[in-house]
Amino acid sequence: FERSIPFAGLALLLAALNGFATEELGKRAPRPGSAASGALYATGTVAALALALTFSLEKGWLTVALALMVPGIAWIAEQRPLPMLRWLAAAAVVLVVARVGWEPRIVGDDVGTTPIFNWILYGYGVPAISFWMAGHLLRKRGDDQPSRMVDSAAILFTVLTAFLEIRHYMNGGDIYRQTSALGELALQICTGLAITIGLEHIRHRTGSIVHDLGALAVAALTFAGIAFGLGIACNPALTGEPVGSAFINLILLGYGIPAVLAIVLALRTRDVRPQAYRICAAAVAVLLMLAYLSLEVRTLYHGPVLYRGPTTDAEQYTYSVVWLAYGVSLLLFGIAFRSHPARLASAAVTLLTVGKVFLIDMAGLTGVFRALSFIGLGLVLVGIGWLYQRLLFPPQPKTTTAP
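Notes on the structure follow. (Residues numbered from 1 in each chain as written. Predicted model: local features only at pLDDT ≥ 70, side-chain atom pairs only at ≥ 80, totals over all residues. Heavy atoms only, no water.)

Next up on the list: the overall build of the chain. Counting secondary structure elements, the chain contains 14 helices and 0 strands. By the compact-globule yardstick of 22 Å for 403 residues, the chain is too spread out, its C-alpha radius of gyration being 29 Å. In terms of principal-axis extent, the alpha carbons of the chain reach across some 90 × 75 × 25 Å. Here the chain holds 403 residues, and 43% of them are scored as buried. Considering the chain, the positive charge centre built from 29 side chains and the negative charge centre built from 22 side chains are found 10 Å apart. (Helix = DSSP H or I, 4+ residues; strand = E, 2+ residues; numbered from the N terminus. Rg over C-alpha atoms; globule rule 2.2 N^0.38 Å. Buried < 20%, exposed > 50% of the residue type's maximum accessible area, 1.4 Å probe, protein only. Lys, Arg positive; Asp, Glu negative; His and termini not counted. Charge placed at Lys NZ, Arg CZ, Asp CG, Glu CD.)

This is the structure we're talking about:
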């Protein structure tokens, strides 16, 4: 189980001999059994090359070298269309996945503490790029089982590269640390949504079922993280974790930016996904933005720690104003983009605000804030009615009939 350069040299010689035999057989006229012989020699070439890498490299370099073999095998399979080569590419992927599963840190404790440029990037990022290239080459001749295995590994290693780099950066190089704060979760949510949008674009171009299912899987995991992570486990209004300054803070990273990305996802899948998927993405975007606005108001009145201090009349009034403005913005967005779900979301936010005004503001606010709350609500409702009347249901021109 140690490196041996002489044995690596012998393995390279064996690979060269098998490669020479493969080329010579390819030049001869077709005869019974010649295709099978060429496939066997090509298999021997790849196996000997893998053996040479195993003899000469260790730890992370072996993982990188085996991953770089995959696009090489795929390129050879394109030039010499032997079915066995496609399965060899898939077998090399399985070796890399098994190697990473045995030691996720690639090089053990030597992974390093440098952000981004560490063995997580090399051990996961290089295989991810290699598998994307190999999948593209293999799909040129068919969307079969080996190409799907390579594409699946490309998605897996892309996700692992992004998420492990975030975990490495937020925990000082310790990816096994069992704690997770709002900042780490926020970065992972943003990354998950960005990867989902990218996979939706790739799926539209390739039509591959792997990219289709990959986009759905990453989206489902990301939405689960939003619901249970941002909604409960890492919600700063519940945990008391400091969120930073007034506007550029963890609330923007964890709720504001994901809301925008969820809107982009809903628009990207508008004509290519079932309606239930689009409604779910739009609902997540609406709720994230509502949470962002509410928590931002809370930050302005309470500072970095959100559960400190009582809720004043001014704060309650600000919630009502912000929610009403948000509802009107959703209505204008729905009208501009002809989005029925956006108009429904506007109605839901407006009804929520109406309920808050009558159930909370009426009981809690006093003096001028109570009057302003009801006056503002009335003006907004009148304005919404006018918008619906003028923009959605314009008056029909009168027609005159000849006598």
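A side chain of one charge can pair with a side chain of the opposite charge when the charged atoms of the two come close. For the coordinates displayed, the defined rule picks out 11 salt bridges. In this structure, Asp 144 engages Arg 86 in a salt bridge whose closest nitrogen and oxygen atoms are separated by 2.8 Å. Of the two residues, Asp 144 is situated in the loop between helix H5 (119-139) and helix H6 (145-170) and Arg 86 in helix H4 (residues 83-102); the sequence distance between them amounts to 58 residues. Three or more residues are tied together by salt bridges with common partners; here these are Glu 200, Arg 203, Asp 212 and Arg 273. (Salt bridge = Lys/Arg side-chain N within 4 Å of Asp/Glu carboxyl O.)

All right, on to the packing of helix H3 (residues 59-79) against H5 then. As a packed pair, H3 and H5 sit with axes 8 Å apart at the nearest point and diverge in direction by 10°. One way to sum up the angle between H3 and H5 is to call them roughly parallel. Facing H3, whose interface residues are Gly 60, Trp 61, Thr 63, Val 64, Ala 67, Leu 68, Val 70, Pro 71, Ala 74, Trp 75 and Glu 78, H5 presents Trp 119, Tyr 122, Gly 123, Val 126, Pro 127, Ser 130, Phe 131, Met 133, Ala 134, Leu 137 and Leu 138. (Axes fitted to C-alpha atoms, helices over the stretch in contact; angles between N-to-C directions. Parallel < 35°, antiparallel > 145°, perpendicular 65-115°, else oblique. Contact = heavy atoms within 4.5 Å.)

Going through the model one piece at a time under the given rule, you end up with 7 aromatic pairs. The interplanar angle of 45° and the centroid separation of 5.6 Å between the aromatic rings of Phe 7 and Phe 55 together place this pair among those described as tilted. Of this pair, Phe 7 sits in helix H1 (residues 5-27) while Phe 55 is found in helix H2 (residues 34-56), placing the two residues 48 residues apart along the sequence. Judged by its relative accessible area of 48%, Phe 7 falls in the partly exposed class. (Phe/Tyr/Trp six-rings, centres within 6.5 Å; stacked < 30°, edge-to-face > 60°.)

Looking now at H2. Over its 23 residues, H2 extends 33 Å from the first C-alpha to the last, a length consistent with the 33 Å expected when each residue adds 1.5 Å. Along H2, the residues that are buried comprise Gly 38, Ala 39, Ala 42, Thr 43, Val 46, Ala 48, Ala 50, Ala 52, Leu 53 and Ser 56. (Expected span 1.5 Å × (residues − 1).)

On to the nonpolar core. Among the nonpolar cores identified, the biggest contains 40 residues, and Val 70 and Phe 131 are the most heavily contacted of them. Of all the elements in the fold, those that place two or more residues in this core are H2, H3, H4, H5 and H6. Residue contributions to this core peak at 10 residues, all from H3. When neighbours within four sequence positions are excluded, Val 70 is seen to be in contact with Ala 89, Ala 92, Val 93, Phe 131, Ala 134 and Val 150. Counting residues in hydrophobic clusters, the runner-up holds 36 residues, among them Val 243, Val 284, Met 289 and Leu 330. (Core = buried A, V, L, I, M, F, W, Y, C linked by side-chain atoms within 4.5 Å.)

This next bit is on unusual backbone geometry. In the Ramachandran plot, Ile 106 falls in the positive-phi region, its phi being about 70° despite a non-glycine side chain. Tracing the chain through its elements places Ile 106 in the loop between H4 and H5. Positive phi, normally seen in glycine, also occurs at Ile 116, with a value near 70°. For Ile 116, the location among the structural elements is in the loop between H4 and H5.

Three- or four-residue spacings in an α-helix give side chains the same orientation, since the helix completes a turn every 3.6 residues. End to end, H5 covers 30 Å across 21 residues, agreeing with the expected 30 Å (1.5 Å per residue, within 8%). Its side-chain oxygen 2.9 Å from the backbone nitrogen of Ile 120, Asn 118 forms the N-cap of H5. (Polar contact = N/O pair within 3.5 Å; in protein donor to acceptor, adjacent residues only side chain to side chain.)

For the rest of this paragraph, the subject is a nonpolar patch on the surface. Among the surface-exposed residues, Phe 7, Leu 10, Leu 13 and Leu 17 lie close enough to one another that they form a single nonpolar patch of about 430 Å² accessible area. Checked against the element boundaries, Leu 10 lands in helix H1. (Patch = residues over 30% accessible without salt bridge, like charges linked within 9 Å, V, L, I, M, F, W, Y side chains within 5 Å. Areas by Shrake-Rupley, 256 points an atom, 1.4 Å probe, with all protein chains shown as cover.)

Bringing the state of the cysteines into the picture now. A full pass over the atoms with the stated rule returns 0 disulfides. Left unpaired, Cys 190 is separated from the closest cysteine sulfur, that of Cys 234, by 13 Å. For Cys 190, a relative accessible area of 12% gives the class buried. Considering cysteine sulfurs only, Cys 190 is the nearest to Cys 280, which forms no disulfide, with 17 Å between them. (Disulfide = S-S within 2.5 Å.)

Considering the arrangement of structural elements, one finds Thr 191 in helix H7 (residues 182-206). Polar contacts involving the side chain of Thr 191 include one to the main-chain carbonyl oxygen of Leu 187, which spans 2.7 Å. Among all residues touching Thr 191, those that are not within four sequence positions of it are Ala 162, Phe 163 and Ile 166.

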